[in-house]
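As a plain string of letters, each chain reads:
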Amino acid sequence: MYRFIDFNDEKADTFLLLELSDLAKTLAKSALYETEFRVHSYLSTRDRKVFVSHFWNHRPEGIKKSGMKSDVYLRALGNRSFTDFQAVDAFRDIMVTFPVPRFAGQLLMLAEDLRIEELCKKERPGMGNEFDVRRKMYTEYFNSQLIVNLEKNLFADALFNLVYLFLNSGSPVLTIPSFNPEIDESIPFIRSEIEDLYDANSTKDAADICLRIMERAAPVLKSDMINEYFHLPGREQNLPDDLPFLDLLRKDPLQNDDMAEEKASGDEHVQEEEMKTWHRETDRPGKSFMQFELDQGTKTDIAGGSEREGEEGDQALAIVQGRSKKTDKKDYSRLELTSPDESEALGGKSKYGRANKNARPVFLNARKPDNEALAVYGKLEKDVRFYHKKLKNIIERIMEKKETDPRTHLQMGRLGKNLLSFFTDEHPKLFYKKSYPGTEIDASFILLVDCSASMIDKMEETKRGVILFHEALKSVAVPHEVIGFWEDANEAAADDQPNYFFQAIPFSKSLQQLSGPEIMELDAMEDNRDGYAIRIAAERLLARTEKQKFLIVFSDGEPAAYDYDNGIVDTHEAVMEVRKKGIEVFNIFLSNSGLEFEQRRVFENIYGNRSIIAPYVDELPDVLFPLLKKLLRQSINL
């Protein structure tokens, strides 16, 4: 689709993003970590995400890839393994007292990146090439930024540029430009403090040196930095992702930490009261336990009377008072506990992809077609009759030839005339048989039709292609299914995203003589969650017994649905998963106004070389015919 104005129409390279995600998982030693592109690079342990900077975009492919990999190295290995976030938080509390807190925060991030870069290279020397590219590009960038910021009198930004060059310049002699007399006098003292960063052994050491630098720099800087070169993530991003069990227990003492002098005699009455977790002051019942904090009281030795035999309905993680004894069974105390999130990531609830964990399928059946649908279908079928009759004739000739052609190079049968292989081959095959036994096309197809709202101006022409698909396969007795899919945007919520699958032509009716007019019920609806639809269709194909399985997806744009920001990546992952299971996946891109380069690239990223372009939707039969011909011939020649 051609647009009058493009606002940030840049598309992600899904292959590169998946490669970076795999790299992050490997370095972080956790399957939960993902990679996303952001303005700045940083690590979020709370969201378990490694953010790669847009700084590397629009550069030569080699530099771009090396730079993005260096971001992942620093975050997934460097920050996660070597950064003390408590020291970062302590520095954050102090930096707000300086008149230039943005300068202070970026200074610490620069110093920490420099420190952990050396640790990463020491642990994995193979990372050196990527870090060399990173340092070279940033050095060129900060050299140019230094000149620009001095011309604009942005002295805080220019001083930060100079600090980076002090730390990373390969030349022992660095030309220092003039700022103003006050800053020029302070630069030698600042530089002497900066050189101590090479000896920092921890995040705390780097933070202490940065505080000393700030004591020198803050008095001579009249205003804070305008630009943000390095991002200091918020405190909430640095929450540990694996809290020890003891941290979950209460540690704060009572206000009066005393013990009752009177000992329990054993005949005390223990009163128990049931307290509901929902009452009229709440909006609706909650799903969490109510927690009570006891701040003061006197400890006694009276038993609570809570010991009892466990029951089937008890909470699995409830803490109860009871008795235990040593068992002769296997000891599992040394095994690492797998978190629920990690179990889900390894294939539990997210078998349709993590982005689709709240999606659910709703299957709809076609109604009996009325007279109007029958009339329209008849007209459209007449338009494509030439194609499916031609295809039927081609397939029948191929099958006929296959039945009559002799089979050669067999180990038994009639002795052939060419006996040369008897002398040249270790295990010669000298026999032939006159003809193949009768054969059928051992294949099944599913056609997924995108029924998103953007298809509203293409649906009528799309139906012609769907009719060709159905009539052609029906004429050669190949079982198939036609499914329209969409997600209802009005019903979708954070915890429930219904996805509708309209079975216009199910497998059970695909070869019936009167089937077809149900296709006229296909219509443009709402959103499209392509990755989920592909996985659902693959499940249906895998249940079939045919040897060859094909999935063809008609779509006119990128996937878009509720909380589906990484739809391109999820769809690509779905395609790769399905292909590994032996299903051939093809995409036919539909358009009414030609195709832009960026759109072509998106679909090539998702489907690879199996994406076929129909730049104008009325050309769909011409695009679909050769594809069906190729796939059917492939199925016959197995």
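Residues numbered from 1 in each chain as written. Predicted model: local features only at pLDDT ≥ 70, side-chain atom pairs only at ≥ 80, totals over all residues. Heavy atoms only, no water.

Enquirer: Explain the environment of K25 to me, using residue names and the numbers behind them.
Expert: Turning to its location among the elements, K25 is positioned in helix α1 (residues 14-28). C-alpha of K25 to C-alpha of K49: the two residues are 24 residues apart in sequence and 9.8 Å apart in space. Once residues within four sequence positions are removed from consideration, K25 is found in contact with S30, A31, Y33 and E34. Here E34 takes part through its side chain, which lies 3.2 Å from a polar atom of the side chain of K25. (Helix = DSSP H or I, 4+ residues; strand = E, 2+ residues; numbered from the N terminus. Contact = heavy atoms within 4.5 Å. Polar contact = N/O pair within 3.5 Å; in protein donor to acceptor, adjacent residues only side chain to side chain.)

Enquirer: Hey, could you go over unusual backbone geometry for me, with residue numbers and the actual values?
Expert: Not every positive phi belongs to a glycine, and A477 is a case in point at roughly 60°. Within the element layout of this structure, A477 appears in the loop between α13 (459-475) and β9 (480-487). On the accessibility criterion, A477 (48% relative accessible area) is partly exposed. Here D563, not a glycine, exhibits a phi torsion of approximately 50°, which is positive. (Buried < 20%, exposed > 50% of the residue type's maximum accessible area, 1.4 Å probe, protein only.)

Enquirer: Describe the sheet that holds strand β1 (residues 34-38), naming the residues involved and giving the relevant values.
Expert: The three strands lie next to each other as β1-β3-β2, forming an open sheet whose pairing is mixed. On the outer flanks of this sheet lie β1 and β2 (42-44), each paired with one strand and no other. The mean angle between the axes of side-by-side strands here comes to 25°, regardless of whether they run parallel or antiparallel. One ladder, built from five bridges, connects β1 with strand β3 (residues 49-53); its direction is parallel. (Pairing = 2+ DSSP bridges. Axes fitted to C-alpha atoms, helices over the stretch in contact; angles between N-to-C directions.)

Enquirer: So, the packing of aromatic side chains: which residues are in play, and what are the values?
Expert: For the structure shown, the criterion picks out 30 aromatic pairs. Aromatic pair Y387 and F625: ring centres 5.9 Å apart, planes at 55°, arrangement tilted. Note that Y387 is positioned in helix α11 (residues 371-404) and F625 in helix α17 (residues 620-636), a separation of 238 residues in sequence. As far as the burial class goes, Y387 and F625 line up, both buried. (Phe/Tyr/Trp six-rings, centres within 6.5 Å; stacked < 30°, edge-to-face > 60°.)

Enquirer: Let's hear about the nonpolar core: which residues, and what values?
Expert: Among soluble globular proteins, nonpolar side chains are generally buried collectively. Core analysis: the biggest nonpolar cluster contains 77 residues, and F103, F179 and L221 have the highest contact counts within it. Apart from residues lying up to four places away in sequence, F103 is in contact with A156, L159, F160, M214, A217, L221, D224 and M225. Of all hydrophobic cores here, the second largest spans 53 residues; its members include I398, A443, F550 and L628. (Core = buried A, V, L, I, M, F, W, Y, C linked by side-chain atoms within 4.5 Å.)

Enquirer: Outline helix α5 (residues 128-151), supporting the account with residue identities and numerical values.
Expert: An α-helical turn contains 3.6 residues, so any two residues separated by three or four positions project in the same direction. Between the first and last C-alpha of α5 there are 35 Å, a value that for 24 residues agrees with the 34 Å anticipated at 1.5 Å per step. Every buried residue of α5 is listed here: G128, E130, F131, R134, M137, Y138, T139, F142, Q145, L146, N149 and L150. After α5 finishes, the residue N153 shows a positive phi value of roughly 60°. (Expected span 1.5 Å × (residues − 1).)

Enquirer: Any chance you could break down helix α6 (residues 155-168) for me, citing the residues and the numbers?
Expert: Here α6 spans 20 Å end to end across 14 residues, near enough to the 20 Å set by a 1.5 Å rise per residue. A large share of α6 lies buried, amounting to 13 of its 14 residues.

Enquirer: Explain the packing of helix α7 (residues 181-194) against helix α8 (residues 203-217) to me, and be specific about the residues and the numbers.
Expert: Between α7 and α8, whose axes approach to 9 Å, the crossing angle comes to 180°. Judged by the inter-axis angle, α7 sits roughly antiparallel to α8. Contacts from S186, F189, I190, E193 and I194 in α7 reach I209, R212, I213, R216 and A217 in α8. (Parallel < 35°, antiparallel > 145°, perpendicular 65-115°, else oblique.)

Enquirer: Lay out the pattern of salt bridges in plain terms, naming residues and giving numbers.
Expert: A complete count under the given rule lists 34 salt bridges for this structure. Note that E193 and R212 form a salt bridge whose closest N and O atoms lie 3.0 Å from each other. Here R212 lies in helix α8 and E193 lies in helix α7, a separation of 19 residues in the sequence. We note a salt bridge from E521 to R367, for which the minimum N-O separation is 3.8 Å. Note that E521 is positioned in the loop between β10 (497-505) and α14 (530-542) and R367 in the loop between β4 (359-365) and α11, a separation of 154 residues in sequence. Several salt bridges share partner residues, and in doing so they unite E117, E118, K121 and R135 into one network. (Salt bridge = Lys/Arg side-chain N within 4 Å of Asp/Glu carboxyl O.)

Enquirer: I'd like to hear about the sheet that holds strand β8 (residues 443-450), residue by residue, with values.
Expert: Strands sit in the order β4-β10-β9-β8-β11-β12-β13 across an open sheet of seven strands; the sheet is mixed. Of all strands in the sheet, those with a lone pairing partner are β4 and β13 (611-614), marking the two edges. Neighbour-to-neighbour, the strand axes of this sheet turn through a mean angle of 25°, independent of strand direction. Across the sheet, α17 is in contact with β8, β11 (548-555), β12 (583-590) and β13; its angle to β11 comes to roughly 170°.

So far we have only geometry, and geometry alone does not tell us how the molecule works.
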